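# Observations on chain architecture
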Amino acid sequence: MNQIARRRTYRFAASTLALEFADILSSDAEVLVSSDDGYLSMGGGVSRTLRLAGGNAIALDAAKMIPAAVGDVVVTTAGALQAHYIFHAITLGPGAEATTPQATLERTTRRCMQLVAALGVRSIAFPAIGAGRAGFSYEDVAVSMAAVIAEELGRSPQPVQVAIHLFDPYDPERFDPFAFAEAFARRESQWQAAPDAPAAPSGPGSDKQVFISYSHKDQKWLKLLQDFLQPLLRKGSLSIWDDTQIAPGERWREEIEQALRSARVAVLLVSKDFLASPFIVEHELPQLLKAAQSRGLTILWVYLRSCLYKEMEIEAYEAAHDIARPLSGLTLAKREEALVEICQNIKKAMSA
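A brief look at the structure comes next. (Residues numbered from 1 in each chain as written. Predicted model: local features only at pLDDT ≥ 70, side-chain atom pairs only at ≥ 80, totals over all residues. Heavy atoms only, no water.)

### Some thoughts on the packing of aromatic side chains
In total, this model carries 4 aromatic pairs according to the counting rule given. Look at F211 and W241: their rings are 5.3 Å apart centre to centre, the planes differ by 15°, and that puts the pair in the stacked class. One end of the pair, F211, is in strand β8 (residues 209–213); the other, W241, is in strand β9 (residues 239–241), with 30 residues separating them in the sequence. Given a relative accessible area of 1%, F211 falls into the buried group. Note on W241: relative accessible area 9%, which makes it buried. With 4.8 Å between their ring centres and 45° between their planes, W301 and Y309 make a pair best called tilted. Residue classification places Y309 among the buried positions, given a relative accessible area of 10%. Among the aromatic residues, ring-to-ring pairing joins W301, Y303 and Y309 into one connected group. The ring of Y10 carries the charged tip of R8 above its face, separated from the ring centre by 5.5 Å. (Phe/Tyr/Trp six-rings, centres within 6.5 Å; stacked < 30°, edge-to-face > 60°. Helix = DSSP H or I, 4+ residues; strand = E, 2+ residues; numbered from the N terminus. Buried < 20%, exposed > 50% of the residue type's maximum accessible area, 1.4 Å probe, protein only. Lys NZ or Arg CZ within 6 Å of the ring centre and 35° of its normal.)

Next comes the structure, spelled out in structure tokens:
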């Protein structure tokens with residue numbers, strides 16, 4: 001599992017699909033999907049994890065809707081979880097003998113995507129449906145889910161964020177992510193090559209991507225900013241790119257250069273470690289400054305910790321907040337106020 005990045009992202013029209021090697025409980029999606037039996041017992045794997053974390057309210061709500069047939073998707077409360085709903089994809093129980101795993105996978109995945117549109121939510125997190133107790137082939141699950149999700153996202157009039165969590169808390173080494181990575185990479189290429197696929201955005205100011213440049217020693221600040229930006233991501237106001245999206249073994253320099261070329265706004269997380277990074281100072285920063293001059297890339301910078309920023313060209317560009325005091329020196333409440341201000345200024349820059 002250490003051979004693939006913890007997050008890999010694909011794009012279909014205005015929507016994104018992310019493969020996550022993380023427990024689904026770490027997701028902040030509005031919908032969490034559970035693979036269940038017809039009696040919604042939530043007795044194993046991801047399903048059991050959600051039941052234990054969400055409490056009895058989920059089971060009580062589910063009890064009103066049993067039995068359910070294989071291929072159905074039952075919607076319940078998410079209980080104590082921060083999600084709005086749990087979608088129970090039925091892969092075991094009544095009707096299993098009359099269908100195939102592929103048909104069940106396609107029907108449940110499509111129904112989940114249709115319910116996202118019907119309920120007006122914009123983010124959903126799946127497990128590998130049926131790869132646990134139902135015993136579906138992992139390759140079949142990957143291919144079937146990829147086909148349906150790619151199709152539904154490609155024609156969605158609204159941006160949707162989809163994540164597939166490839167992690168079993170009871171057996172973390174069980175899932176091989178490469179089947180999913182290959183299936184979605186193939187679907188993304190096919191979608192982009194289709195004659196009737198909308199053209200990818202090009203030219204200055206035509207996309208919604210925010211490029212975040214930071215030192216890996218400041219990763220906690222990257223995560224904080226990502227968390228505060230989530231409402232804008234859900235609304236489709238912007239997308240963000242940082243180097244955690246690069247899978248080991250890929251041509252990382254090319255990935256970064258492509259992200260730099262397509263960015264509309266660049267956010268710099270400035271600290272002594274940022275200024276001490278040879279790669280940032282010698283490679284990323286010159287390209288960003290050049291793009292600002294040649295095609296109007298907007299540069300905003302965030303003052304994390306005291307450093308000699310006045311010795312760098314970035315001083316000439318707009319800060320995303322009041323830099324009288326670096327973020328690290330603020331109280332928790334003031335720091336959160338500053339992060340809200342930063343997000344609002346990023347949004348304003350995206351719409352300028």
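Having seen it, we continue.
### Some remarks on the sheet that holds strand β3 (residues 31–37)
Taking strand neighbours across the sheet as the criterion, the 7 strands line up as β1-β2-β7-β6-β3-β5-β4 in an open arrangement whose pairing is mixed. At either end of the open sheet lies a strand with only one pairing partner, and these are β1 (7–12) and β4 (73–77). Recorded for the sheet is a direction-independent mean angle of 25° between the axes of neighbouring strands. Inspection of the sheet shows strand β2 (residues 15–20) paired to strand β7 (residues 161–165) by 5 bridges, in the parallel sense. (Pairing = 2+ DSSP bridges. Axes fitted to C-alpha atoms, helices over the stretch in contact; angles between N-to-C directions.)

### Some words on the side chain of E152
Looking at the element boundaries, E152 is found in helix α4 (residues 138–154). Note on E152: relative accessible area 11%, which makes it buried. Looking at E152, its side chain comes within polar contact range of the side chain of R155, at 2.8 Å. Among all residues touching E152, those that are not within four sequence positions of it are R110 and M113. (Polar contact = N/O pair within 3.5 Å; in protein donor to acceptor, adjacent residues only side chain to side chain. Contact = heavy atoms within 4.5 Å.)

### Quick look at the nonpolar core
Formed by 38 residues in total, the largest nonpolar core has its most connected members in L17, F126, I149, I164, F180 and F184. With 8 residues, α4 is the single largest residue contributor to this core. The residues touching L17, leaving out its near neighbours within four places in the chain, are R8, T9, Y10, F12, I149, L153, V162, A163, I164 and F184. Listed in part, the 27 residues of the second largest apolar core include V267, V302, L330 and C343. (Core = buried A, V, L, I, M, F, W, Y, C linked by side-chain atoms within 4.5 Å.)

### As for helix α3 (residues 101–119)
Spacing of three or four residues puts side chains on the same side of an α-helix, whose turn is 3.6 residues. The end-to-end C-alpha distance of α3, which contains 19 residues, comes to 27 Å, matching closely the 27 Å that a straight helix rising 1.5 Å per residue would cover. Within α3 the residues assigned to the buried category are T104, L105, T108, T109, C112, M113, L115 and V116. The arc that holds the buried residues of α3, viewed along the axis, is 155°, so those residues lie on one side. Among the exposed residues of α3, those pointing more than 90 degrees away from its buried face are A117 and A118. (Expected span 1.5 Å × (residues − 1). Arc of directions from axis to C-beta.)

### Overview of the sheet that holds β9
Reading across the sheet, the 5 strands line up as β9-β8-β10-β11-β12 and stay open at both edges, with parallel pairing between neighbours. The open sheet has two edge strands, β9 and β12 (318–319), and neither has a second partner. Pairing geometry for strand β10 (residues 265–270) and strand β11 (residues 298–303), over 6 bridges, is parallel. Note on β11: the bridge partner recorded for V267 is L300. The sheet strands contacting helix α10 (residues 332–351) are β8, β10 and β11, and the helix crosses β11 at an angle near 175°.

### Topic: the side chain of Q209
Take Q209: it is sitting in strand β8. Judged by relative accessible area, Q209 falls into the buried class, the value being 13%. Not counting chain neighbours up to four residues away, the residues in contact with Q209 comprise S239, W241, A259, S262, A263, R264, V265 and M350.

### Examining the packing of helix α6 (residues 219–235) against α10
Taken N-terminus to C-terminus, the directions of α6 and α10 make an angle of 50°; their axes are 10 Å apart at the nearest point. Compared by their axis directions, α6 and α10 come out oblique. Here α6 runs over α10; the crossing is right-handed. Judged by residue contacts, W221, L224, L225, F228, L229, L232 and K235 of α6 engage R335, E336, L339, V340, I342, C343, I346 and K347 from α10. Considering only residue class, the contact of α6 with α10 consists of 11 nonpolar, no polar and 4 charged. (Parallel < 35°, antiparallel > 145°, perpendicular 65-115°, else oblique. Left-handed = near helix turned anticlockwise from the far one by under 90°. Nonpolar A, V, L, I, M, F, W, Y, C, P; charged D, E, K, R; others polar.)

### Topic: the environment of V75
With respect to the element layout, V75 can be found in strand β4. The spacing of V75 and D61 is 14 residues in sequence and 9.0 Å in space, taken between C-alpha atoms. Contact partners of V75, with chain neighbours within four places excluded, come to M65, Y85, I86, F87, L115 and L119.

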